[in-house]
Amino acid sequence: MTIHLSEEREQQVIDLCRDLIAIRSYSGEEEGVALRLREFCLSQGYDEVHTDEYGNLIATIKGNRPGPTILFDGHMDTVPVQERDSWKHDPFEAQIEDGLMYGRGTSDMKCALACMAAAAAFFAQDTGRDFAGQVSVAGIVHEECFEGIASRAVSRALKPDLVVIGEASDLNLKIGQRGRAEILLETFGVPAHSSNPDKGVNAVYAMCRAVDRIHALAPSEHPFLGKGILELTDIKSLPYPGKSVVPEYCSATYDRRLLVGETKESVLAPIRKILEELHEEDPAFRGRVSYASGEEVCYTGEKISAERYFPAWLLEKDHPVVTRVLEGLRSHGYEPEVTKYSFCTNGSHYCGEAGIPTLGMGPSTESLAHTIDEHVQVDQLPAVTQIYEWMMEAMLCG
């Protein structure tokens, strides 16, 4: 692959990446990144730049004739830095050493977002806006808490025909991912003094029985996406600490990786059946299963809440969008591997919920997300910027 970016453009991309890394933007604190992106997009002649009620930044460049809308999606928030003293470099200085840029958000995923914003500007300049349709770049809030939930407002506003997710892909083309759900399992008992446990019903023992049965369930499986893993992640009982009291309540959380074709009802059905069987065997057993939910506050003051169910998505390898983009990349001598994400992304909304064709392409590797000494290869930044421009060309200049 030959990169056609000038030295000036390469430096512009790297500088913007470093600017974004230097701005701490934990979930709910993304305003600084949004302002810097707004400043960049306005300086590059974007036609429209605004933020919505959640604080998502949406910037658009229009071609000289009608056509499809391509949305390039990247989230502005990062997970917190928990062990700052363990970092080789300051996580907010974007230092470069031996060809690597270090910092929180380098891999996940401020650098991709910066490259998207730059690529759209370069595309407009290189084509003289002689293309059909428009390119929009969205900086999304609260992705680390709710994959795809804030993106709902963006897709409602833009109604995109294609979405490109910038999550790390090592410059390969991603066409799908497993979704995820947080499943809440609850058991209910009757409190009693622990010196007379027969007078009560221990909710923890009930939970143990349920967990044992659930652990024996065979996971669903998809030939491309893999297994619909169901993994226990925590258990809590009440009252806590017990202090001579038989616990009257117990809850357990499961992480369920979702596959295409599954529904909210079908995912919970095997667990509900187990709870029913346990109650039939012992009428004192009482259990309930549901999806966990959460609520956060955006930097705009708007509340964002959701049930923690984020569906899987997948485009077939012969889907017209996949074929067209691949043909465009190959015409420039680039042959990416066609693969899938191992984690959940905003594609859960765009493709999983809304049915919008969605692809993934980004610098860095998935395994670096959320890690100490998170970093990105600097030479991948101009490379992915060029690839994004080629994707725009393939979809809007054909």
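I will try to describe carefully the structure that is included in this document.

Next up on the list: the sheet that holds strand β5 (residues 100–102). Spatial ordering of the open sheet is given by β4-β5-β21, a layout of 3 strands whose pairing is antiparallel. Whereas interior strands pair on both sides, the edge strands pair on one side only; in this sheet they are β4 (96–97) and β21 (375–377). Note: β4 against β5, 2 bridges, orientation antiparallel. Bridged to Glu 97 within β5 is Leu 100.

This paragraph deals with the environment of Leu 57. Following the sequence through the fold, Leu 57 ends up in strand β2 (residues 57–62). As for Leu 57 and Ile 140, which are separated by 83 residues in sequence, their C-alpha atoms are 6.7 Å apart. Excluding residues that lie within four positions of it along the chain, Leu 57 makes contacts with Ala 34, Leu 37, Arg 38, Val 49, His 50, Thr 51, Met 76, Val 137, Ala 138 and Gly 139.

This part is about the nonpolar core. Ranked by internal contacts, the top residues of the largest apolar core, which has 97 residues, are Tyr 46, Leu 359, Tyr 388 and Met 391. Ranked by the residues each element gives to this core, the list is headed by helix α3 (residues 110–127), at 14 residues. Contact partners of Tyr 388, with chain neighbours within four places excluded, come to Phe 72, Ala 112, Cys 115, Met 116, Ala 119, Val 164, Gly 166, Met 361, Gly 362 and Pro 363. Residues Ala 206, Val 211, Cys 250 and Val 289 belong to the second largest nonpolar core, which totals 23 residues.

Here we come to the layout of surface pockets. One number sums up the size of the largest pocket: a volume of about 330 Å³. Every residue lining the largest pocket is counted, 18 residues in all, and those nearest its centre are Ile 214, Leu 217, Pro 219, Ile 229 and Leu 230. For the lining of the largest pocket, the secondary structure elements donating two or more residues are α5 (203–215), β12 (230–238), β13 (249–258) and α6 (264–281). Residue composition of the lining of the largest pocket, by class: 12 nonpolar, 3 polar and 3 charged. By volume, the second largest pocket amounts to about 260 Å³. Surrounding the second largest pocket, His 75, Asp 108, Glu 143, Glu 144, Glu 147, Glu 167, Arg 180, Arg 257, Phe 343, Cys 344, Ala 369 and His 370 form its lining. Split by residue class, the lining of the second largest pocket holds 3 nonpolar, 2 polar and 7 charged.

What follows is about helix α2 (residues 31–43). Across its 13 residues, α2 extends 18 Å between first and last C-alpha, which sits within 8% of the 18 Å expected from 1.5 Å per residue. Taken together, the buried positions of α2 are Val 33, Ala 34, Leu 37, Phe 40 and Cys 41. Around the axis of α2, the buried residues are gathered within 130 degrees of arc, so they sit on the same side. Opposite the packed face of α2, turned more than 90 degrees from it, sit the exposed residues Leu 35 and Ser 43. Looking at the buried residues of α2, the elements they touch are α1 (7–21), β1 (48–51), β2 and α3. Positive phi shows up at Gly 45, right after α2, with a value of about 80 degrees.

Moving on: the packing of α2 against α3. For any two helices packed against each other, one specifies the inter-axial angle together with the distance between the axes. Packing of α2 against α3 leaves a shortest axis separation of 10 Å and a crossing angle of 20 degrees. Classed by the angle they form, the pair α2 and α3 counts as roughly parallel. With respect to the hand of their crossing, α2 and α3 are arranged in right-handed fashion. Contacts between α2 and α3 pair Val 33, Leu 37, Phe 40 and Cys 41 from the former with Lys 110, Leu 113, Ala 117 and Ala 118 from the latter. Classifying every residue of the contact of α2 with α3 gives 7 nonpolar, no polar and 1 charged.

Turning our eyes to something else, we now look at the packing of aromatic side chains. Considering all chains together, one arrives at 6 aromatic pairs under this definition. Plain terms: the ring middles of Phe 72 and Tyr 388 are 5.5 Å apart, the flat faces sit at 75 degrees to each other, and that makes the pair edge-to-face. A residue pair is termed long-range when its members are at least 10 positions apart, and Phe 72 in strand β3 (residues 65–75) and Tyr 388 in helix α9 (residues 380–396) qualify at 316 residues. Here Phe 72 falls in the buried class, since its relative accessible area comes to 0%. Ring geometry for Phe 188 and Tyr 249: centres 5.7 Å apart, planes at 55 degrees, overall tilted. Placement of the pair is Phe 188 in strand β9 (residues 179–188) and Tyr 249 in strand β13, with a sequence separation of 61 residues. Its end group placed over the ring of Phe 224, Lys 340 keeps NZ or CZ at 5.3 Å from the ring centre.

What counts, and at which threshold
- Residues numbered from 1 in each chain as written.
- Predicted model: local features only at pLDDT ≥ 70, side-chain atom pairs only at ≥ 80, totals over all residues.
- Heavy atoms only, no water.
- Pairing = 2+ DSSP bridges.
- Helix = DSSP H or I, 4+ residues; strand = E, 2+ residues; numbered from the N terminus.
- Contact = heavy atoms within 4.5 Å.
- Core = buried A, V, L, I, M, F, W, Y, C linked by side-chain atoms within 4.5 Å.
- Buried < 20%, exposed > 50% of the residue type's maximum accessible area, 1.4 Å probe, protein only.
- 1 Å grid on protein atoms, 1.4 Å probe; cavity = no way out; pocket = protein on both sides within 12 Å on 5 of 7 lines; lining within 4 Å.
- Points joined across faces, edges and corners; volume = space filled by probe spheres on them.
- Nonpolar A, V, L, I, M, F, W, Y, C, P; charged D, E, K, R; others polar.
- Expected span 1.5 Å × (residues − 1).
- Arc of directions from axis to C-beta.
- Axes fitted to C-alpha atoms, helices over the stretch in contact; angles between N-to-C directions.
- Parallel < 35°, antiparallel > 145°, perpendicular 65-115°, else oblique.
- Left-handed = near helix turned anticlockwise from the far one by under 90°.
- Phe/Tyr/Trp six-rings, centres within 6.5 Å; stacked < 30°, edge-to-face > 60°.
- Lys NZ or Arg CZ within 6 Å of the ring centre and 35° of its normal.

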